[in-house]
Amino acid sequence: MDMKRDYYEDVQVFTSKVIVFWLGVLILALAIFPFVAKNYYVYVANYMAINVIVVVGLNLLVGYTGQISMGHAGFFAIGAYGTITLMTQAHFPFLLALPCAGLVAALFGFLLGLPALRLEGPYLAIATLGFGITTTQIIGKIKIFGERQGLHAPDLTIGPWHIQTDKDFYFVLIPITILLVLLARNIVKTKVGRAFISIRDADIAAETMGVNLTFYKTLAFAVSAFYAGVGGGLYAFVLRFIEPELFNMFMSIMFLTMAVVGGLGSMMGPVGGACLLGLLDLQLRNILEIPYFGQWIKALSESYFTMTGVSNIQLIVFGLILILIMLFEPLGIFGIWIRTKKYWKMWPF
Amino acid sequence: MVDFLQMVLSGIAVGSSYALMGLGMVLIYKASEVPNFVQGEMALLPIFIAFMLLSTYGVPYYIAFPATLIFALLLGCFLEFAILRRAKEPNVLGLIIITIGMEMMLLGFVSWKFGADQRAMPFPISAYDSIVIGDLFISTLDMLTLVVALVIMLILFLFFRFSKIGVAMKATQQNENAAALMGIKTKQIRMVTWGISSMVGSVAGLLIAPVLVEPYMMWDPMLKGFAGAVVGGMTSLPGAVFGAYIIGIVEHLFGGYVSIEFKSVVAFAIIVLVLCIKPSGLFARHYVKKV
């Protein structure tokens, strides 16, 4: 609907001043948020920010390059374990360990990207799925990573600043998140991003036009893995304790769910999807404490279902969301937004 | 040498249940062109129905097992009819996501209903007896799995060769438009394919259930069956069986000679290796996109 009149309009990071204004408002709101919200909600915000980082990275791969990855929990785990190990064993400072772990994840992404060059559809899905499962299994057997017992995150100090509470960490996490999202937006607007999109739309045509498929496909995997790795490194400090069981297949599927619900191939969509589903995830974990609804669920579980399995309602809800989104709004939240915008712009027609 | 043969034998026994899951996946992949992540859970719900019938209501085996299989058939048909068919202009990723959604719903439902306890299903033969052939041991349950898998493969072969529905299924898979023009109701055929696939998967599940019944029990066979199907080429039924047996055998040999710890991940290493050499699996013709 927005007509582009020249090249420079196409490559702008922000398409209008309105967006810049609202982004400013958002950043301001994020800066004030921890001072007004309760401590638990700061934790929730941290959790959501982690999801945003990973899902934006995943979206670069799935939404923009059109490759399927069902193994992002693997990169996430590499990032988390990498950061902690670099800090405790090699005594790297946090701000150095984090990108290093991200680069290690990117290296693995590059390696996974190599076989992925020849695969598509179900073959790629099972190969990446296998990667995710294998990584977690292998990490769970290595001594330096604490095997089954897992690892505790070390104390976090950046320069003179000693980070202890969720609120402190919030101020580390949010700037990194904003930076990475802007970076992703920037990547999409450059030559690299256009190459990604051309591969998604028609890889043979792209190759004929001179896009180096080998380079850009592996690059997409590497960049996406870097995001997941950095996200994992930060996640280790949100939880303060990591174990191999955390990074299971459902985590990969959750990331994919967030990207799809948000809307593949857009920038704000996955951010919204990650926030929304991240929040829903945390809420559903203690479903019995939701007023009225929780009691109803409890009564229902006691008479027809089991109380031990009540947390699995989460799975049912997410499954339902996935199916409904795919059936009725394949573009996700972003699609709903576009339709609403179009409706009001065209109103009353 | 005895060790080696013993491992191969155990591998074949395990491979049989993978092969059944793989067959189910290939059937659906050929009909709907979607890697079916709900395959495991399509078997899981019937297993729990069987478990409930047998241990809670005390229904005899000869009624409970057929009832379970019929339920599986209906479940598969229902999933295709109610959900997958409704997708608008789906692409591969969209279809995968829909099957994952169905899988999460079924898994969530089963774990909510039955809790996460580990149980064992009552079964006519004990899971811990074994038969001795020369120096080799095989448990009676494994033997039964092997025999049942072979019988089902034979039935499927005959079904696709001689029955009218089977031939119609093959026609639909080869060229949907042509089949529709010949008067085949392709939508119904696809639905029935899902039902049959669900039934085949449930048989595999019923043969695992005497050892362990819990909500995550079908994950491993499903993934290994999928891996086997991918090794075999996703579009070839004999390929899926072959791939599944290869995975079962290699897994056991790896567990015996190299490292028991990494036994369960070796399947994925095999897939990556095979796919690097033949990107569409061993038995499928590589499809080259024309411009």
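Given the structure is predicted, the values throughout are model-derived calculations rather than measurements.

What about the overall build of chain B?
When its secondary structure is counted, chain B shows eleven helices and two strands. Ordering the α and β elements of chain B from the N terminus gives α-α-α-α-β-β-α-α-α-α-α-α-α. Its C-alpha atoms give chain B a radius of gyration of 19 Å, within 12% of the compact-globule value 19 Å for 291 residues. Taken over 291 residues, chain B has a buried fraction of 48%.

Quick look at helix H3 (residues 61-82) of chain B
All names here are of chain B. Spanning 22 residues, H3 covers 31 Å between terminal C-alpha atoms, matching the ideal 32 Å at 1.5 Å per step. Taken together, the buried positions of H3 are Ala64, Phe65, Thr68, Ala72, Leu75, Gly76, Leu79 and Glu80. Relative to the axis of H3, the buried residues are bounded by an arc of 135 degrees and lie together on one face. Looking at H3, the residues exposed on the side facing more than 90 degrees away from the buried face are Tyr62, Ile63, Pro66 and Ala82. Residues of H3 that are buried in the fold lie against helix H2 (39-56), helix H4 (92-114) and helix H8 (186-208).

Section: the confidence of the model for chain B
All names here are of chain B. Considering every residue of chain B, the mean pLDDT works out to 86; 98% of them sit at 70 or more. No element of chain B has a lower mean pLDDT than strand S1 (residues 130-133), at 80, and none a higher one than H3, at 91. Predicted complex, confidence summary: ipTM 0.86, pTM 0.89.

Digging into the pairing of strand S2 (residues 136-139) of chain B
All names here are of chain B. Here four bridges tie S1 to S2, and the two strands are oriented antiparallel to one another. Bridging across to S2, Ile133 finds its partner in Leu136. Connecting S1 to the antiparallel partner S2 that follows it, the hairpin turn spans two residues, and Gly134 within it adopts a positive phi of roughly 60 degrees.

So, the interface of chain B and chain A
At the interface, 42 residues of chain B touch 35 residues of chain A. Of all the secondary structure elements, the ones that give two or more residues to the side of chain B that touches chain A are H4, helix H9 (219-232) and helix H11 (266-277) of chain B. Residue contributions to the side of chain B that touches chain A peak at 18 residues, all from H4(B). When its residues are assigned to classes, the side of chain B that touches chain A shows 31 nonpolar, six polar and five charged.

Quick word on the environment of Thr257(A)
All names here are of chain A. Locating Thr257 in the fold gives a position in helix H11 (residues 249-262). Exposure remark for Thr257: the 25 C-beta atoms within 10 Å place this residue in the buried category. Measuring from C-alpha to C-alpha, the distance between Thr257 and Pro270 comes to 9.6 Å, with 13 residues separating the pair along the chain.

Describing the environment of Ala227(B)
Relative to the helices and strands, Ala227(B) is located in helix H9. Taking the number of C-beta atoms within 10 Å as the measure of exposure, Ala227(B) has 28 and is therefore buried. Here the alpha-carbon distance between Ala227(B) and Phe268(B), two residues 41 residues apart in the chain, equals 7.1 Å. Other than its neighbours up to four places away in sequence, Ala227(B) contacts Ile126(A), Ile247(B), Ala267(B), Phe268(B) and Ile271(B).

A few points about H8(B)
Taking 1.5 Å of rise per residue, the 23 residues of H8(B) would be expected to cover 33 Å, and the 33 Å separating its terminal C-alpha atoms lies within 8% of that figure. By the criterion of burial, H8(B) is predominantly enclosed, with 20 of the 23 residues buried.

Section: the packing of H11(A) against helix H14 (residues 313-328) of chain A
All names here are of chain A. Two numbers describe how H11 lies on H14: the axes approach to 10 Å, and their chain directions differ by 40 degrees. Judged by the angle between their axes, H11 and H14 are oblique. Pair H11 / H14 crosses with left-handed handedness. Counted together, Thr257, Val260 and Val261 of H11 and Phe318, Ile321, Leu322 and Ile325 of H14 form the full contact between these two elements. Across the contact of H11 with H14, the residue classes tally to six nonpolar, one polar and no charged.

Section: unusual backbone geometry
Residue Pro348(A) is reached from Trp347(A) by a cis peptide bond, and omega for that bond is 5 degrees. Take Pro348(A): it is sitting in the segment after helix H15 (332-346). Backbone geometry at His91(A) places phi at a positive 55 degrees, although glycine is not the residue there. Position of His91(A) among the secondary structure elements: in the loop between helix H4 (72-88) and helix H5 (94-116). A positive phi angle is found at Glu33(B), which is not glycine, with a value near 55 degrees. Its place among the elements puts Glu33(B) in the loop between helix H1 (2-32) and H2. Overall, Glu33(B) belongs to the partly exposed group, with 15 C-beta atoms counted inside 10 Å.

Some points on the packing of H1(B) against helix H10 (residues 237-257) of chain B
Residues and elements named next belong to chain B. At a minimum axis separation of 6 Å, H1 and H10 run at an interaxial angle of 145 degrees. In the packing of H1 onto H10, the handedness of the crossing is right-handed. For the contact of H1 with H10, the per-class residue count stands at 16 nonpolar, eight polar and two charged.

Calculation notes
Residues numbered from 1 in each chain as written. Chains lettered and ligands numbered in written order. Predicted model: local features only at pLDDT ≥ 70, side-chain atom pairs only at ≥ 80, totals over all residues. Helix = DSSP H or I, 4+ residues; strand = E, 2+ residues; numbered from the N terminus. Rg over C-alpha atoms; globule rule 2.2 N^0.38 Å. Buried ≥ 20, exposed ≤ 12 C-beta atoms within 10 Å, placed from the backbone. Expected span 1.5 Å × (residues − 1). Arc of directions from axis to C-beta. Contact = placed C-beta atoms within 7 Å. pLDDT = per-residue confidence, 0-100. Pairing = 2+ DSSP bridges. Nonpolar A, V, L, I, M, F, W, Y, C, P; charged D, E, K, R; others polar. Axes fitted to C-alpha atoms, helices over the stretch in contact; angles between N-to-C directions. Parallel < 35°, antiparallel > 145°, perpendicular 65-115°, else oblique. Left-handed = near helix turned anticlockwise from the far one by under 90°.

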